[in-house]
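Below, each chain spelled out in residue letters.
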Amino acid sequence: MTPLGIKNEQQLLSLAAALGASSVPDLSSEEKKLLRNATPMRGAPLVRRARTLIGIGQDPLGDAFCEVRSPTVRRSNGATYTPRKIIRAMVEWAARNGSPARVVDPGAGSGRFLIAAGRKFPHSQLVGIEIDPVAAILLRANLSATGLASRTRIVVDDYRNVSLDFCSGQTLFVGNPPYVRHHSISKHWKEWLVDQANARSQKASQLAGLHIHFFLQTLAQAEPGDYGAFITAAEWLDVNYGALLRNLFLAELGGQAIHVIEPKAAPFPDATTTAAITCFRVGTKPATVLVRRVHTCNNLGDLTKGRKVHRDQLGASSRWTQFTRIARRAPEGFVELGELCRVHRGQVTGANKVWIAGPRADGLPASVLFSAVTRARELIEAGDTLDDTSGLRNVIDLPADLDTFDGQERIAIDRFLTWAKLMGADMTYIARSRSAWWSVG
């Protein structure tokens, strides 16, 4: 049960209706139907409590939504709600870098980004685009409670279908584009991505997640001088299908900065994923890009800080995460061992009883199981050459970004990690020294 005592979506919709959701114009047919079926809210103290929390900058409706609709269900739409510390840093960056006439959140959810931006920019038009009618109703209720409804337009649709009206001033694009893996993206939209990329003389992989689609659609809707900040999974920095976004970042998108948040900082409480904040100004090509890695959300602070990396360095590399790490220089008169020879070593799991696959690994996807030498006798018995791995045990190596899995695979992984934590695998010295405790590497 949520702090407001909300037990299900029907109660949540009733509360949203009592807060004035229907007073925000241009409701979609789906929203009208949901509000018609909502039971009238009779708990005036609950409504007052919700208004009070909204008034001090909290999002009780969004919090309740995340409680009554499980992460597994929300994952189909990529609905992961962003903590206020991250939103504050991104909106502050926007305020330092422009004065927008319009603010657009392409995956608005309950309106956390849009409301924060509306308070920061009191004269800006606000546009929220949200595909889920339940979330859109919560967004309308929040807008009504905060007094921002009169300058807000809500569109209930897929962002890729939306065409924004002309704006004579600067547009700020800000938010957390939905994170949906390519497995759940239809053939139509995958072909859309390829066509849109081709129109810009770029190549796109159909393995790209939905957040890549949103960057491309933003570029299609933006005018030179428009700017933005999106927080997404950080995978695009290194993977092959992130090449499209890396190319756009250095070209038309006008990438300004990349701030990577360590997975162990758990930027999203209900999603085990990497995170990167991407700042951009359309049509610009700065000589250098700010890159930074932060270990906790508390350290996010000023997004104008970071290490300057020349754009040519980024353009020459297919993996960008390396630029967020500061390399230690060898002392005067020393050379690194890697300059003289290649060194191979074994891998420390930190808890063999957990990470060497046993009965608890049943159901884990084969892609995370790696045959490995786990006992010295396995090498001794092999003689001169180990050429048969059939007798070896498997080591479980999960990626840092667990949202690469869905369906039964994700359920099996979540079940295994719950047991692993009970065994203390997340608290060993080795695990606490990793960027993601569950990724053996």
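Preceding this paragraph is the structure being described.
This part is about the sheet that holds strand β1 (residues 102-105). The 9 strands are arranged β3-β2-β1-β4-β5-β7-β6-β8-β9 in an open sheet whose pairing can be described as mixed. Only two strands of the sheet have a single neighbouring strand rather than two, namely β3 (152-155) and β9 (307-310). Sheet twist, expressed as the mean angle between neighbouring strand axes with direction ignored, is 20°. For strand β8 (residues 288-294) and β9, the ladder comprises 4 bridges, and the chain directions are antiparallel. Of the residues in β9, the one forming a bridge with Val291 is Arg307.

Bringing unusual backbone geometry into the picture now. The residue Asp26 is not glycine, and still its phi comes out positive at about 65°. With respect to the helices and strands, Asp26 occurs in the loop between α1 (9-18) and α2 (29-36). Judged by relative accessible area, which is 61%, Asp26 ranks as exposed. Residue Ser201 is not a glycine yet carries a positive backbone phi of 60°. Judged by its relative accessible area of 69%, Ser201 falls in the exposed class.

So, on to the pairing of β3. Sheet topology places strand β2 (residues 125-129) next to β3; 4 bridges connect them, and they run parallel. Residue pairing in the sheet places Ile129 in a bridge with Val155 of β3. Tracing the backbone out of β2, into helix α8 (residues 133-146) and back to the parallel element β3 gives a crossover that is right-handed.

Cut-offs and rules
Residues numbered from 1 in each chain as written. Predicted model: local features only at pLDDT ≥ 70, side-chain atom pairs only at ≥ 80, totals over all residues. Heavy atoms only, no water. Pairing = 2+ DSSP bridges. Helix = DSSP H or I, 4+ residues; strand = E, 2+ residues; numbered from the N terminus. Axes fitted to C-alpha atoms, helices over the stretch in contact; angles between N-to-C directions. Buried < 20%, exposed > 50% of the residue type's maximum accessible area, 1.4 Å probe, protein only. Right-handed = clockwise from strand over helix to strand, strands pointing away.

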